[in-house]
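This is what each chain is made of:
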Amino acid sequence: MLPWTALGLALSLRLALARSGAERGPPASAPQGDLLFLLDSSASVSHYEFSRVREFLGQLAAPLPLGPEALHASLVHVGSQPHTEFPFNQHSSGAAVQDAIRAAAQRMGDTNTGLALAYAKEQLFAEAAGARPGVPKVLVWVTDGGSSDPVGPPMQELKDLGVTIFIVSTGRGNLLELSAAASAPAQKHLHFVDVDDLHIIARELRGSILDAMRPQHLHASEVTPSGFRLAWPPLLTADSGYYVLEVAPSAEPGTARRQQLPGNATDWAWDGLDPDTDYDVVLVPESNVRLVRPQHLRVRTLLGEAGSGRRWGLGPRGWAGRWGGGAGLGPRLTGSSPAEEAGPERIVISHARPRSLRVSWAPALGPAAALSYHVQFGPLGGGAAQRVEVPAGRNSTTLQGLAPGTAYLVTVTAAFRSGRERALSAKACTPDGERSRPPRPPPPGSGGREP
């Protein structure tokens, strides 16, 4: 009887484990998605900067789980015309992608980033480029901050299609425009970092990319004060069932809003929500074919116009802020500025001392001259940001009370009569200060005097 008893116990244990696994739901699957690197390869980037960025992208890609049923990666150059270095279906391992990135040659030419973004949108959704339907899409744009054509409209088209946008700026460019271009929240998707310090953000950025590509999770993107976009993996099909999507303030679960969606849906955008509020989201797959467990998520909307304004700060890995509305310390763009409302076009750093430096800029001229300027600055290595007001008749100011041997991010913002603002950012470094040294003992036989 012992063999039969042992067999019965084994079968009972196996059934119990199966039920336990069913209650817990399916095991977590590997990240899956299409990852496109957009590399500024134009003549505005020095050969040294290009080589450092290329090395950074290789280091970023090498540990990623690339493969036929996992991540696919592609590289597109920004230049006069966009150019694909390799499509999504060419390399099936992180090491192969790393080698391909390191072999990429700089293309030179103009910095037509907007044109490259429109091209990237086609690549991300084109099966001819190796893209796959129904998987998360992620774009990592590495830039020196400048572009010869507008990036806002094509970037918004990408985000409207559910693409997660990460931006790495090597210390120049318009902080506000880059913050608007990156996926929300900006502190997670935008990095300002010196080209020699790119390795500092590699691990954090890689983790964020993997989080955006985990197909078993319901996740939120494009978070604003009044709403957010939800996305999930294809759990059903149009013929196998439908979804019920529910969202409710965490403090008022009885005021839930519901939306029924077809089984082939993979995203939905909620709007008309309250700012600075926690919302509980439930996605319920309804199917008679197979049981699919509901998915839950909590999302907090950003601060709105009624909030306390932006929170500015500089984290250890670069500029970070909580981008909401309000009249906080941070400058703001309200709507699209007319062509005549041109902000500062160039920032010049001069007279750098251990504890001060001078900031000058090309003033905003023309029919809509700036009413005033303000200069926002803070250390890239961590610390609070400060602000200096500058009247319209001046185009320079001296920043005081700085720390020796420190890199700062400086943003000059022009304010116009219409209420709009235009800004430009640049990196500035203070030199090391004099270090106190103990007096050296006089040499023997000098009579107490140094020669």
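Residues numbered from 1 in each chain as written. Predicted model: local features only at pLDDT ≥ 70, side-chain atom pairs only at ≥ 80, totals over all residues. Heavy atoms only, no water.

Participant: How should I be thinking about the environment of L218 in this particular structure?
Facilitator: For L218, the location among the structural elements is in the loop between α8 (199-212) and β7 (219-224). We classify L218 as buried; its relative accessible area is 5%. Apart from residues no more than four positions distant in its own chain, L218 is found in contact with L230, A231, W232, V281, L283, Q295, H296 and L297. (Helix = DSSP H or I, 4+ residues; strand = E, 2+ residues; numbered from the N terminus. Buried < 20%, exposed > 50% of the residue type's maximum accessible area, 1.4 Å probe, protein only. Contact = heavy atoms within 4.5 Å.)

Participant: Whenever I open this one, the side chain of D149 confuses me. Can you help?
Facilitator: The residue D149 is located in the loop between β4 (137-143) and α5 (152-160) in this model. Of note is the side chain of D149, whose polar atom sits 3.0 Å from the backbone nitrogen of T113. Side-chain polar atoms of D149 contact the backbone nitrogen of G114, separated by 2.8 Å. Excluding anything up to four places from it in sequence, D149 contacts T111, N112, T113, G114 and L115. (Polar contact = N/O pair within 3.5 Å; in protein donor to acceptor, adjacent residues only side chain to side chain.)

Participant: Looking at this structure, I do not really get empty space enclosed by the protein. What am I missing?
Facilitator: Rolling a probe over the atoms, with the probe sized like a water molecule, indicates the empty space that remains. A complete count under the given rule lists 2 cavities of 30 Å³ or more for this structure. Surrounding the largest cavity, L39, D40, V45, E49, F50, V53, V142, T143, D144, T170 and V195 form its lining. Broken down by secondary-structure element, the contributors of at least two residues to the lining of the largest cavity are β1 (33-40), α2 (47-61) and β4. Of all the elements, α2 adds the most residues to the lining of the largest cavity, at 3 residues. Of the residues in the lining of the largest cavity, the class split is 6 nonpolar, 2 polar and 3 charged. The wall of the second largest cavity is formed by G162, T164, H219, S221, R229 and A231. Taken together, the elements giving at least two residues each to the lining of the second largest cavity come down to β7 and β8 (227-231). (1 Å grid on protein atoms, 1.4 Å probe; cavity = no way out; pocket = protein on both sides within 12 Å on 5 of 7 lines; lining within 4 Å. Points joined across faces, edges and corners; volume = space filled by probe spheres on them. Nonpolar A, V, L, I, M, F, W, Y, C, P; charged D, E, K, R; others polar.)

Participant: How should the sheet that holds strand β16 (residues 347-353) be read in this particular structure?
Facilitator: Two strands in a sheet stick together by hydrogen bonds in their backbones, pointing the same way (parallel) or opposite ways (antiparallel). With antiparallel pairing, 3 strands are arranged side by side in an open sheet as β16-β17-β20. Of all strands in the sheet, those with a lone pairing partner are β16 and β20 (396-400), marking the two edges. Within this sheet the neighbouring strands show an average axis-to-axis angle of 20°, counted without direction. As paired elements, β16 and strand β17 (residues 356-361) share 5 bridges and run antiparallel to each other. Considered in β17, the bridge of I347 is made with W361. (Pairing = 2+ DSSP bridges. Axes fitted to C-alpha atoms, helices over the stretch in contact; angles between N-to-C directions.)

Participant: Can you walk me through the nonpolar core in this structure?
Facilitator: In summary, soluble globular proteins display a tendency toward joint burial of nonpolar side chains. Ranked by internal contacts, the top residues of the largest apolar core, which has 35 residues, are F37, L57, V140 and I209. Elements supplying a minimum of two residues to this core: β1, α2, β2 (71-78), α3 (94-102), β4, β5 (164-169) and α8. Counting 26 residues, the second largest nonpolar core, distinct from the first, contains A120, A131, L139 and M155. (Core = buried A, V, L, I, M, F, W, Y, C linked by side-chain atoms within 4.5 Å.)

Participant: Would you explain the packing of α2 against α3 in this entry?
Facilitator: Each pair of packed helices gets described by two things: the angle between the helix axes and the distance between those axes. Remark: α2 packs on α3, axes separated minimally by 8 Å, with the N-to-C direction vectors making an angle of 175°. The angle between α2 and α3 places the two elements in the roughly antiparallel class. For the pair α2 and α3, contact is made by R54, L57, G58, Q59 and A61 and by G94, V97, Q98, I101 and R102, respectively. Its residues placed into classes, the contact of α2 with α3 shows 4 nonpolar, 4 polar and 2 charged. (Parallel < 35°, antiparallel > 145°, perpendicular 65-115°, else oblique.)

Participant: Help me understand the environment of A186 in this model?
Facilitator: Summarising the element assignment, A186 is placed in helix α7 (residues 186-189). For A186, a relative accessible area of 6% gives the class buried. Counting along the chain gives 21 residues from A186 to I165, while the straight-line C-alpha distance between them is 9.9 Å.

Participant: Would you mind showing me how to read α3 here?
Facilitator: For an α-helix, the turn length of 3.6 residues means that residues three or four places apart are oriented alike. Listed in full, the buried residues belonging to α3 are G94, V97, Q98, A100 and I101. The buried residues of α3 occupy an angular sector of 165° when projected down its axis, which confines them to one face. (Arc of directions from axis to C-beta.)

Participant: Could you clarify how one ought to interpret the pattern of salt bridges in this entry?
Facilitator: Applying the stated criterion to the full structure yields 11 salt bridges. Here R132 and D34 are joined by a salt bridge, their closest N and O atoms 3.0 Å apart. Remark: D34 occurs in strand β1 and R132 occurs in the loop between α4 (113-124) and β4; sequence separation between them is 98 residues. The residues R132 and D34 share a single accessibility class, namely buried. One continuous salt-bridge network, built from bridges that share partners, spans D34, R132 and K137. (Salt bridge = Lys/Arg side-chain N within 4 Å of Asp/Glu carboxyl O.)

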